[in-house]
Every structure is written in C-alpha cells, then in structure tokens.
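Now for the letters of each chain:
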Amino acid sequence: TYDAWYWSHPPLYMPKNCNLEDVSKIAKEVSIPVVCAGKMEAVDGAKAIKDGKIDAMGIARQFLTDPHWITKLIEDRPQDILPCIYCHNGCFNFAHYKGVANDQSMEDSKHMSRCALNPMTMDGGKYDYRPAKKQKTIAVIGGGVGGMEVARIATKRGHKVTIYEKSDKLGGVFIPAGKMSFKERDRMFLDWQRRQIEKLGIEVKLNSEITDLKQIKADEIVIATGSTPKQLKLKGIEKAIEAIDYLNSPEQVKENVVIIGGGLTGCEIAYQLALDGKKPVIVEAKNDLMAVKGLCLANSSYLRDYFKHNDIPVYLESFVSEIGKNYCLIMDKNGKQTKVKADNVIVSVGYNPAPLAKQSRHVHVVGDALKVGNLRTVI
C-alpha cells in the first residue's frame, strides 16, 4: 500500500528481491497465480519461477531506464543494460517533508513514468538524437557524469569529442558517492557510461587538468567541472572531515560520528555508518531531514523510518557551535546546548557550482558546474 511507499517501489537502501521470501509463502496458500515485484533480479526471479516458488516476476522501473533490457538479457549482453538505480527522481518524484505536501511542481509530478537516466522515456520525442547539421570539434572539460553524457550524445549526433579529465579515471564525484555498500547500481551506471565512451571511440585525455581555455582548440567547449563543498565557519572546524573525503577513505572514522547536515548525502552517510556498526548523530538546521526538491518520499521516508527505528539521534533546527577533542556542542533553536561524543565530525552542508569559465557563445556550462542538482538534472 502507499502507506508504506518504500515497499511498493523499493529504494536503493532495501535489499534485492526484498519481497520474494514473503511472496513465496503467499503463493503456497493460494490457488491463483502470484507475481512478485520489488527490486527483482532477473536471474533470481527466473530461478524462483523454475523452482515453483512464484508464477512470474514483475519489473517496472528497469523498463523505463532501458526499454531493451530484456532483449539484452536474451542476447547475453547484461553489461549493455542501462541500469535502474532506484533513485525515483523521474518516475516517482513526489518530494515530501514536514510542512510540505509535495515540493515538486505539479507540472513535473503529473508526468510519472519518466526516468532520471533516460530523458527520452515517455517524453514524446523531445530528447531524440538528431544528426548535427554541421560536424564540430567539441572539448569537454571534466569527465564526470555530466561530461560523459555530453560526450556520448554529441558523438551520436556526429560531432568529434575529446574529454579532458584531471584525474586518472572517468566518473568525477560519482566515484566516491558510489562507494557506499548499497550503491551497487550507481557503480554499474558508471561502468555503463565508461563502456559507452569506449564503444563510441571518444578520445579521453586523463591526468589532463585544464586551467585556461587557451590550452585547447575546439569549435565548442563544454565546462563540466562540477562543484565544490560549502565551507562552515565555527570553532574547531579544522578537525572536521568533508563528506567526499570520508567517502574516499571511510576507514578514517571511529565509533562516534557527528554528521553536520541532514540532506540526502548526510543521511546516506549516517545510514552507511549505522550499517557498519558505528554510532552516527545527525545535526540539521531545517525542521526535517532531506527537506529538498527532487527526492522521492519512498527514499526519504525509508531513511527517516530507519533512523527512528534504530534510535539514531537526530537534532533538527539545530547547529554545531563547537567541535572539540572527542566532542561536539550542539545548539538548538532555543539556545539550549548539548554536548555529544564525537570521535569524528563529517561536514555535508551542500555544494557551490565551480565552473572553470562562464558561459559565452562557444562555451557551455553543464551539470553541477551550472547549478547544483541531482543525477536527473545533470543528465
């Protein structure tokens, strides 16, 4: 039922085949066909059908992401499937939090069955690839999700693209973001993007940091340099760890961890810490966790319920006033201070666009470098 939204269409935090055990038991007791849905894996579903546990498996979101996925399975090409990452940013984008029924515009919310990773899904030809009238050379600065998508589409349209990436691999900030244990599908998506770049023969220059546009020659330049973390000013902030730094090296944190910022990233970090047996504490200035647009209630309500069910401390309408040695001072809206244990403090308070250059006639800024958003806004 939609009173338990994350059971109807499970987010990434829930296990694969999360309904299969229960549905198999139901199937034993009834005489009508039983279909199981909910993050079903094709191989597991096929085995359950073969073993007589269920009559069929149901798949919805994966068809929205890649309408040819079943054909690719039949042809034994699973690596070519654009994977659903269970984000709900396109297919169920009702963003709900305390005091707000739905923070998405109805113009957007009424068009369900779209997909964050595949804009062409259910959108009437708006995003169809059309051959370019004139072939151009295009330089893409930044090999993250946005840069790779630009390169992929531009190449399909007939342009000659070169990607310049300052690190030694493609993926950008999505690499650390995808390191959490429950983000297997995010890692699959990055692998899919990299594979497309290779299959299309797109030139990639790794370890190539561009600091001045005069370094390159191209008809058009696309800036996909992403964003940088917002900085806090408070006593002891030098002791804190940026969210990205934690994701790159999670082993550096000990047992008691305070997370400053209860947005999606902060909450996912708290969730991962809890799964790892740590003791996270979340401090959020707003009156609810994940009070943002573009985040489905199925995802946010699962995390809120998880924190509540597992007694994970959440301080709303509060902020950290001081970071000390092994402690934090948390102040609420009434000025009351609480001292909590903190072996480590992780800061996750958002990001600012970091474009290498401004937009002009032949310079185009995309993704978080233009406006910080989510995977759907980038794609």
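Everything below is about the structure printed above this text.
For the structure given in this document, a descriptive report is provided here. Note that the coordinates shown come from a computational prediction; the quantities given were computed from them, not determined experimentally.

**Focus: the sheet that holds strand 13 (residues 327-332)**
Moving on, step 1. Read from one edge to the other, the open sheet built from 3 strands follows the order 12-13-14, with strand pairing classed as antiparallel. Taken across any chain shown, the strands that pair with only one partner, and hence form the sheet edges, are strand 12 (318-324) and strand 14 (337-341). Neighbour-to-neighbour, the strand axes of the sheet open up by a mean angle of 25°, direction not taken into account.
Moving on, step 2. Pairing geometry for strand 13 and strand 14, over 5 bridges, is antiparallel. By the bridge assignment, Tyr-327 is partnered in strand 14 with Lys-341.

**A few points about helix 11 (residues 264-275)**
Moving on, step 1. Here helix 11 is 12 residues long and its end C-alpha atoms lie 16 Å apart, about the 16 Å a rise of 1.5 Å per residue gives.
Moving on, step 2. The buried fraction of helix 11 amounts to 9 of the 12 residues, a majority that puts the element mostly inside the structure.
Moving on, step 3. Looking only at helix 11, the buried set comprises Gly-266, Cys-267, Glu-268, Ile-269, Ala-270, Tyr-271, Gln-272, Leu-273 and Ala-274.
Moving on, step 4. Elements that come into contact with the buried residues of helix 11 comprise helix 10 (243-248), strand 9 (256-260), strand 10 (279-283), helix 12 (297-309) and strand 15 (344-347).
Moving on, step 5. Positioned one or two residues after helix 11, Gly-277 has a phi angle of 85°, which is positive.

**Focus: the sheet that holds strand 5 (residues 203-205)**
Moving on, step 1. A sheet is described by the order of its strands in space; here 5 strands give the open sequence 5-4-3-6-17, paired in parallel fashion. Edge positions in the sheet fall to strand 5 and strand 17 (363-365), since each has one partner strand and no second. Strand-to-strand twist of the sheet, defined as the mean angle between neighbouring strand axes without regard to direction, takes the value 20°.
Moving on, step 2. Pairing analysis gives 5 bridges linking strand 3 (residues 137-141) to strand 4 (residues 160-164), with the strands arranged parallel. Across the sheet, residue Ile-141 finds its bridge partner in strand 4, namely Tyr-164.
Moving on, step 3. Against the sheet, helix 7 (residues 145-156) makes contact with strand 3, strand 4 and strand 6 (220-223), and its axis sits at roughly 165° relative to strand 4, the strand it touches most.

**Observations concerning the packing of aromatic side chains**
Moving on, step 1. Across all of its chains, the model carries 13 aromatic pairs by this definition.
Moving on, step 2. An angle of 65° between the planes, with centres 5.4 Å apart, marks the rings of Tyr-13 and Phe-182 as edge-to-face. With Tyr-13 in the loop between helix 1 (5-8) and helix 2 (20-29) and Phe-182 in the loop between helix 8 (174-177) and helix 9 (184-199), the pair connects residues that are 169 residues apart, well separated along the chain. Assigned by exposure class, Tyr-13 and Phe-182 land together as buried.
Moving on, step 3. With 6.1 Å between their ring centres and 85° between their planes, Phe-174 and Phe-189 make a pair best called edge-to-face.

**Description of the side chain of Lys-39**
Moving on, step 1. Here Lys-39 lies in the loop between strand 1 (35-37) and helix 3 (42-50).
Moving on, step 2. Comment: no salt bridge for buried Lys-39; closest opposite-charge side chain is Glu-41, at 7.1 Å.
Moving on, step 3. Every residue in contact with Lys-39, bar those within four places of it in the chain, is listed here: Pro-10, Pro-11, Leu-12, Met-14, Pro-15, Lys-16, Asn-17, Arg-61 and Tyr-86.

**A look at the packing of helix 7 against helix 9**
Moving on, step 1. Running from N to C, helix 7 and helix 9 cross one another at 35°; their axes reach a closest spacing of 10 Å. Crossing geometry of helix 7 relative to helix 9 is assigned as left-handed. Of the residues in helix 9, those in contact with Val-145, Met-148, Glu-149, Ala-151 and Arg-152 of helix 7 are Phe-189, Leu-190, Trp-192, Gln-193, Arg-194, Gln-196 and Ile-197.
Moving on, step 2. Its residues assigned to classes, the contact of helix 7 with helix 9 comprises 7 nonpolar, 2 polar and 3 charged.

**Details of the pattern of salt bridges**
Moving on, step 1. Using the criterion set out here, one finds 17 salt bridges in the structure.
Moving on, step 2. Between Asp-80 and Lys-199 there is a salt bridge whose closest N-O contact spans 3.5 Å. A residue pair is termed long-range when its members are at least 10 positions apart, and Asp-80 in the loop between helix 5 (69-74) and helix 6 (106-109) and Lys-199 in helix 9 qualify at 119 residues.
Moving on, step 3. Judged by its relative accessible area of 9%, Asp-80 falls in the buried class.
Moving on, step 4. Across the pair Arg-152 and Glu-149 runs a salt bridge, and its minimum N-O distance is 3.0 Å. One end of the pair is Arg-152 and the other is Glu-149, both in helix 7 and 3 residues apart, which spans about a single turn. One exposure class covers both Arg-152 and Glu-149, and it is buried.

**Describing the packing of helix 11 against helix 12**
Moving on, step 1. Where helix 11 contacts helix 12, the two axes come as close as 11 Å, and the packing angle between them is 45°. Viewed along their axes, helix 11 and helix 12 adopt a mutual orientation that is oblique. For the pair helix 11 and helix 12, the sense of crossing is left-handed. Taking contact as the criterion, the partners of Leu-264, Cys-267, Glu-268, Ala-270, Tyr-271, Ala-274 and Leu-275 in helix 11 are, on helix 12, Tyr-302, Leu-303, Tyr-306 and Phe-307.

**A few points about the environment of His-111**
Moving on, step 1. Mapping His-111 onto the fold places it in the loop between helix 6 and strand 3.
Moving on, step 2. Under the relative-accessibility criterion, His-111 is labelled partly exposed at 27%.

**Some details on the environment of Asn-17**
Moving on, step 1. As for its position among the elements, Asn-17 is in the loop between helix 1 and helix 2.
Moving on, step 2. For Asn-17, a relative accessible area of 14% puts it in the buried group.
Moving on, step 3. If sequence neighbours within four positions are ignored, Asn-17 has contacts with Gly-38, Lys-39, Met-40, Glu-41 and Asp-44.

Rules used in this analysis
In this convention, every chain numbers its residues from 1, walking through the sequence in written order. Under the rules for a predicted model, residues below a pLDDT of 70 receive no local features and side-chain atom pairs below 80 are neither given nor counted, while totals for whole chains, interfaces and linings still include all residues. With hydrogens and water excluded, all non-hydrogen atoms of the structure serve as input to the side-chain values. At least two bridges found by DSSP between two strands is the condition for calling them paired. Each helix is a run of H or I in the DSSP string that is no shorter than four residues. Each strand is a run of E no shorter than two, and both are numbered from the N terminus. Orientation is described by lines fitted to C-alpha atoms, with helices fitted over the stretch in contact, and by angles between N-to-C directions that extend from 0 to 180 degrees. Helix span, expected: 1.5 Å multiplied by one less than the number of residues in the helix. Partly exposed residues are those whose accessible area sits between 20% and 50% of the maximum for their type, while under 20% is buried and over 50% is exposed, using a 1.4 Å probe and protein chains only. In what follows, a contact means two residues having at least one pair of non-hydrogen atoms within 4.5 Å. Classification of ring pairs rests on two measures: the distance between centres of Phe, Tyr or Trp rings, Trp counted by its six-membered ring, which must be within 6.5 Å, and the angle between planes, read as stacked under 30 degrees, edge-to-face over 60 and tilted in between. His is not counted, nor are the chain ends; Lys and Arg add positive charge and Asp and Glu add negative charge. What counts as a salt bridge is simple: a side-chain nitrogen of Lys or Arg found within 4 Å of a carboxyl oxygen of Asp or Glu. Should the near helix be turned counterclockwise from the far one by less than a right angle, the crossing is left-handed, whereas a clockwise turn marks it as right-handed. Residues are grouped as follows: nonpolar covers Ala, Val, Leu, Ile, Met, Phe, Trp, Tyr, Cys and Pro; charged covers Asp, Glu, Lys and Arg; every other residue, Gly included, is treated as polar. Note on terminology: angles under 35 degrees are roughly parallel, angles over 145 are roughly antiparallel, angles of 65 to 115 are roughly perpendicular, and the others are oblique.

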